[in-house]
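# Close look at the chain arrangement
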Amino acid sequence: MEDLRLDGKTALVVGGSSGIGNGIAQRFRKQGAEVHVCGTRASAADYAGEDGSDLTGLAYAQLDASDAVAVDAWRPPFDRLDILVLAQGAVAYRRKEFEIETFRHVVNVNLVSVMHLATRFYPMLKERQGSIVIIGSIGAFKSVVGNPAYAASKAGVFGLTRTLGDAWGREGVRVNGIAPGMIATKMTKVTTDRPERLQAALDTISLGRLGQPEDVANMALFLVSPLASYITGQTVVVDGGRIL
């Protein structure tokens, strides 16, 4: 469908080296965009052979989104930007998020860095009348037992998406979010690699299966396309019915 082509567009996917971000980056590439991705490792070769990481055809750069100095100092290898996807994320298990330093780190990655990168690239996006997609979580809308920082940061992202969508929509930049449910990535292996926990999770999903990064990527493609030109400030749940 022509409206879903991204030919001539430049996209940056922060957190695009693996998981949901990588799925989005590859979907955009296949639709014709020039796609740049950021990850925390030194080079693309450091992700070679890793499950859920395909950097074929993507321009890779190292950037720690939680490092404010590095974000400000980074000079991207592109001079225009149409699409910004903020897919960076952190979670800490075994009740580590109840420790204040871990809590601060997770909130910094999941919320503060989102605002930092959005404002960092806003001038470029405004020039191109571009759009931002922020990856949140259904954890914004319910308790996430054992992960207070994750839940709080994703609730913050939900509010941030609404506010930026309102503020920047007036300048021609659309900002929307996606709240995935249980997606099969390395972040969810703590559940998916354990049969009993996996079955318990599947029992809560109306469609009876785990989501795949491609499920989220399809929604991201819609949100950055002309088909969504009258949508801003919204967060769309993509969870197979789990939150129901």
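Read on for a plain summary of the structure. (Residues numbered from 1 in each chain as written. Predicted model: local features only at pLDDT ≥ 70, side-chain atom pairs only at ≥ 80, totals over all residues. Heavy atoms only, no water.)

## Here's the deal with the overall build of the protein
What counts is decided by this rule: In DSSP terms, a helix is any run of H or I states spanning at least four residues, a strand is any run of E spanning at least two, and both are numbered starting from the N terminus. Using a 1.4 Å probe on the protein chains alone, a residue whose accessible area is under 20% of its type maximum counts as buried, one over 50% counts as exposed, and one in between counts as partly exposed. Residues are treated as being in contact if the distance between any of their heavy atoms lies within 4.5 Å.
Scanning the protein from terminus to terminus reveals 7 helices and 7 strands. Across the protein, helices and strands are ordered from the amino to the carboxyl terminus as β-α-β-β-α-β-α-β-α-β-α-α-α-β. For the protein, the spread of C-alpha atoms along the principal axes amounts to about 50 × 40 × 40 Å. Residues counted as buried form 50% of the 244 residues belonging to the protein. Looking at the protein alone, contacts between residues at least 24 apart form 74% of all its contacts between residues at least 6 apart.

## A closer look at the nonpolar core
Our working rule: We call a set of buried Ala, Val, Leu, Ile, Met, Phe, Trp, Tyr and Cys residues a nonpolar core when their side-chain atoms join them within 4.5 Å.
Ranked by internal contacts, the top residues of the largest apolar core, which has 28 residues, are Ile24, Phe28, Val85 and Ile135. Mapped by element, the contributors of at least two residues to this core are strand S1 (10-14), helix H1 (19-30), strand S2 (34-39), strand S4 (83-86), strand S5 (131-135) and helix H7 (213-224). Looking at this core element by element, the count peaks at 6 residues for H7. Non-local contacts of Val85, meaning those with residues more than four positions away in its chain, are made with Leu12, Val13, Val14, Ile24, Phe28, Val133 and Ile135. Counting 27 residues, the second largest nonpolar core, distinct from the first, contains Trp74, Leu86, Val114 and Val175.

## Topic: the packing of helix H3 (residues 100-128) against helix H4 (residues 148-169)
This is how it is decided: Axes, fitted as lines to C-alpha atoms, cover a helix only where it is in contact. Angles between the N-to-C directions of the axes lie from 0 to 180 degrees. Each angle gets one of four labels, with under 35 degrees taken as roughly parallel, over 145 as roughly antiparallel, 65 to 115 as roughly perpendicular, and the rest as oblique. Should the near helix be turned anticlockwise from the far one by less than a right angle, the crossing is left-handed, and should it be turned clockwise, the crossing is right-handed.
Direction vectors running N to C along H3 and H4 enclose 15 degrees, while the axes themselves pass 7 Å from each other. Classified by the angle their axes make, H3 and H4 are roughly parallel. As H3 runs across H4, the sense of the crossing is right-handed. Here H3 contributes Phe103, Val106, Val107, Asn110, Leu111, Val114, Met115, Ala118, Thr119 and Tyr122 to the contact with H4, which in turn contributes Pro148, Ala149, Tyr150, Ala152, Ser153, Lys154, Gly156, Val157, Leu160, Leu164 and Trp168.

## Comments concerning empty space enclosed by the protein
What counts here: Detection works on a 1 Å grid of protein atoms alone, calling trapped sets that fit a 1.4 Å probe cavities and calling open sets with protein on both sides within 12 Å along at least five of seven lines pockets, with lining residues defined by an atom within 4 Å of a point. Grid points are joined across faces, edges and corners, and a volume is the space filled by probe spheres set on the points. Note on residue categories: nonpolar means Ala, Val, Leu, Ile, Met, Phe, Trp, Tyr, Cys or Pro, charged means Asp, Glu, Lys or Arg, and polar means any other residue, Gly included.
Under the criterion given, the structure shown has 1 cavity of 30 Å³ or more. Looking at the largest cavity, its volume works out to about 40 Å³. Among the secondary structure elements, those contributing two or more residues to the lining of the largest cavity are H4 and strand S6 (174-180). Counting residues per element, the lining of the largest cavity draws most heavily on H4, at 4 residues. Residues that form the lining of the largest cavity fall into these classes: 7 nonpolar, 5 polar and 1 charged.

## With respect to the side chain of Ser137
Counted only if it meets this: Under this definition, polar contacts are N or O atom pairs within 3.5 Å; protein pairs additionally need one hydrogen-donor-capable and one acceptor-capable atom, and for neighbouring residues in sequence, both atoms have to be side-chain atoms.
Relative to the helices and strands, Ser137 is located in the loop between S5 and H4. Classification of Ser137 by relative accessible area gives buried; the value is 8%. A polar atom in the side chain of Ser137 sits 3.2 Å from the side chain of Tyr150. Among all residues touching Ser137, those that are not within four sequence positions of it are Tyr150, Lys154, Ile178, Ala179 and Pro180.

## Describing the layout of surface pockets
Taken as a whole, the second largest pocket encloses approximately 350 Å³ of empty space. Taken together, 18 residues form the lining of the second largest pocket, with Asn22, Gly23, Gly52, Pro213 and Glu214 sitting closest to its centre. For the lining of the second largest pocket, the element with the most residues is H1, which contributes 6 residues. Tallied by class, the residues present in the lining of the second largest pocket amount to 3 nonpolar, 8 polar and 7 charged.

## Quick notes on the sheet that holds S2
The condition is simple: Only when DSSP finds a minimum of two bridges between them are two strands counted as paired.
The 7 strands lie next to each other as S3-S2-S1-S4-S5-S6-S7, forming an open sheet whose pairing is parallel. The strands lining the two open edges of the sheet, one partner per strand, are strand S3 (59-62) and strand S7 (235-238). Strand after strand, the sheet turns through a mean of 20 degrees between neighbouring axes, direction not considered. Alignment of S5 against S6, held across 5 bridges, turns out to be parallel. Among the inter-strand pairings, Ile135 is bridged to a residue of S6, identified as Ile178.

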